Amino acid sequence: MLAFVSIGRVSLRPMLAGMRTAQTMTAAASRRVIPGLLGVVAALLASTGCTLRSEMTLSPLALKPSDTVRAANRVEDLVEVGDYPRALALASAVDAKPNATVAELNALGKAELVSGRLADAKRHFRQALVRKPFRDVYADIAWNLSQAELLDGEFAASLHWAQTAVEYGLEIRSWHLELLEALQTERPFVVGGVKDTEVPMEHRTPAIPRVEVRINEARVMGIIDSGAVMTIVSDRLAAEAKLRSLGDFTGTFYGLLGEPIQVRFAMIDSMTIGDLVIESVPVAIMAGEKMKFFTLNRTPFHIDLLLGANLLREFRLSLDFERNEVSFHHLDASEKVPATDQNLFILNAKPYVHGSLNGQGWFLYQLDTGSEITYLNSVEISRWKLQRNFAMMYRGAELQGLGGATKRGVMVDDVSVGIGAWQGTFKTLPLYSSEKSGAIGLIGENFLKHFRLTIDFGTMKILLDPPSRKNEE
């Protein structure tokens, strides 16, 4: 039985999240409880009754950004299927309509929000509110505005719109509001002086990228985990580094299989990565026993620090799996300009990328540098009626979460996953049910390790430089 550690690849809705995926968002759904910051946990993934093979062969992918298998023309429908580039292309047409509907403006704002075009998103959300929508729709738009302001670093405005959403009937966890309140006087992610650094990267056993980090005066190995929405530290490290508390309130994160995990919130006053010094990094503090996972031979692997998406979004980072190095470039405001051909989007405060499946495009994948494996989401596979694309499905995949809870799935053979100009064909991939992700699957390290991976949160693009040596297992 083979086992793989998968870290940070679960749904993690935060302070920076609360955003529901565009694929599942409806006006009626706006009355549901918004959990706010959900937690990251790792899980043990094992195959039973078969061999889970991660071998992958590379080949060019000849798909244009405009190629799509999903037919939709209205901006609302395009957002519903995750075709954000085509939705953005309709912005001028919507702006030219004197009678643009609330649904059109809200949908366009959502496309701009997930695409990093925050000023445009806020403008269209406000235009939608001027049209005095029904109460539940008003709450949904106010929540979208809160998320846009939060991603823009405007905590006071984010809190205002979150409170407005509550007034109009949206249920939001009280500690999410308390966290926004605590951040009012903070200015997170300040980088002065040096803007670039290159540091050694550990990547083997387990196969997830790790770099040395200094937190205040404590030194620790931190996992680069784009699947974690918020940077997370263990309670042991928080005590050693003497982190500054953000308040007495606690939040509840939820793990892979719904298990609740209590967290507190704090501020790292100074974080150093190579030559970079980052001041004021908001973090969640988690019990160390919840941050213990297992390697291939079931040896416990203790984690003290996950560098989550709330921090990583401030950078353009390149992971060179051949040289075992990571470079960080801190992005100025002038560099945060999404490209017209962007393939990177932010949903639930985590990075998603447009990719292909078996030569067809484009679908949303969650990009997770903290997961060893790539896998597919059976809910979205069924939604798009893609089961017939697989030659064979058979039982044998089991996902184990905290407390012994398990989730079972199936295996599929000969699956091709592509990003940009490259696709990788796997001999086998696991297929699991993930109702809340809205993604066709998750891109993990057994795909990413074959490239020099650049994640540019300025242009909102994922770049895969071709390998310079023969691929290895």
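Model, not experiment: these values are computed from the prediction.

Side note on the pattern of salt bridges
Taken as a whole, this structure holds 26 salt bridges when the rule is applied. Here K461 and D341 are joined by a salt bridge, their closest N and O atoms 3.1 Å apart. With K461 in strand β27 (residues 461-465) and D341 in the loop between β17 (325-330) and β18 (344-347), this residue pair connects regions lying 120 residues apart in the sequence. Accessibility expressed as a relative area gives 19% for K461, which makes it buried. For E380, the salt bridge identified is with R383, shortest N-O distance 3.2 Å. Of this pair, E380 and R383 both sit in helix α11 (residues 378-383), separated by three residues, roughly a single helical turn.

Quick word on the nonpolar core
Grouped together as the largest cluster of nonpolar side chains are 66 residues, with contacts concentrated most on I215, V233, L307, L357 and L376. Core analysis: the second largest hydrophobic core is formed by 65 residues, Y138, A148, I208 and F301 among them.

Concerning the sheet that holds strand β16 (residues 315-320)
Taken together, the five strands give an open sheet; going across it, the order is β5-β17-β16-β26-β27, and neighbouring strands pair in antiparallel fashion. The sheet terminates laterally at β5 (196-200) and β27, the two strands that pair on one side only. Geometrically, the sheet is characterised by an average inter-axis angle of 15 degrees between neighbouring strands, direction not taken into account. Pairing geometry for β16 and β17, over six bridges, is antiparallel. Looking at β17, one finds that L317 is bridged to F328.

Digging into the environment of K427
Mapped onto the secondary structure, K427 falls in strand β24 (residues 422-432). Each C-alpha atom of the pair K427 and V412 lies 8.3 Å from the other, and the pair is 15 residues apart in sequence.

Overview of the side chain of E112
For E112, the location among the structural elements is in helix α4 (residues 102-114). Buried within the structure, E112 lacks any salt-bridge partner; R123 is the closest side chain of opposite charge, at an N-O distance of 5.1 Å. Each residue touching E112, except ones within four places of it in the same chain, is listed here: L88, A91, R117, L118, D120, A121 and H124.

Focus: the packing of aromatic side chains
Counted by the stated rule, this structure contains eight aromatic pairs. Chaining the aromatic ring pairs together yields one cluster made of W175, F249 and F265.

Regarding helix α6 (residues 135-151)
The terminal C-alpha atoms of α6 lie 25 Å apart, and with 17 residues this matches the ideal 24 Å at 1.5 Å per residue to within 8%. Of all 17 residues in α6, 15 are buried, a share of seventy percent or more. Backbone geometry just downstream of α6 places G153 in the positive-phi region, at approximately 80 degrees.

Brief notes about the pairing of strand β11 (residues 260-273)
The pairing of strand β6 (residues 210-215) with β11 spans two bridges and is antiparallel. Its bridge partner lying in β11, R214 is registered against T272. In terms of strand pairing, strand β9 (residues 244-245) meets β11 through two bridges, oriented antiparallel. The residue bridging R244 from the neighbouring strand is M267, located in β11.

Structural notes on the packing of α6 against helix α7 (residues 155-167)
At their nearest, the axes of α6 and α7 sit 8 Å apart, and the two run at 165 degrees to each other. By the criterion of interaxial angle, the relationship of α6 to α7 is roughly antiparallel. The two elements α6 and α7 meet at a crossing, and its hand is left-handed. Residues R135, Y138, A139, A142, W143, L145, S146, E149 and L150 of α6 lie in contact with α7, whose contacting residues are F155, A157, S158, W161, A162, T164, A165 and E167.

So, how was this worked out
- Residues numbered from 1 in each chain as written.
- Predicted model: local features only at pLDDT ≥ 70, side-chain atom pairs only at ≥ 80, totals over all residues.
- Heavy atoms only, no water.
- Salt bridge = Lys/Arg side-chain N within 4 Å of Asp/Glu carboxyl O.
- Helix = DSSP H or I, 4+ residues; strand = E, 2+ residues; numbered from the N terminus.
- Buried < 20%, exposed > 50% of the residue type's maximum accessible area, 1.4 Å probe, protein only.
- Core = buried A, V, L, I, M, F, W, Y, C linked by side-chain atoms within 4.5 Å.
- Pairing = 2+ DSSP bridges.
- Axes fitted to C-alpha atoms, helices over the stretch in contact; angles between N-to-C directions.
- Lys, Arg positive; Asp, Glu negative; His and termini not counted.
- Contact = heavy atoms within 4.5 Å.
- Phe/Tyr/Trp six-rings, centres within 6.5 Å; stacked < 30°, edge-to-face > 60°.
- Expected span 1.5 Å × (residues − 1).
- Parallel < 35°, antiparallel > 145°, perpendicular 65-115°, else oblique.
- Left-handed = near helix turned anticlockwise from the far one by under 90°.

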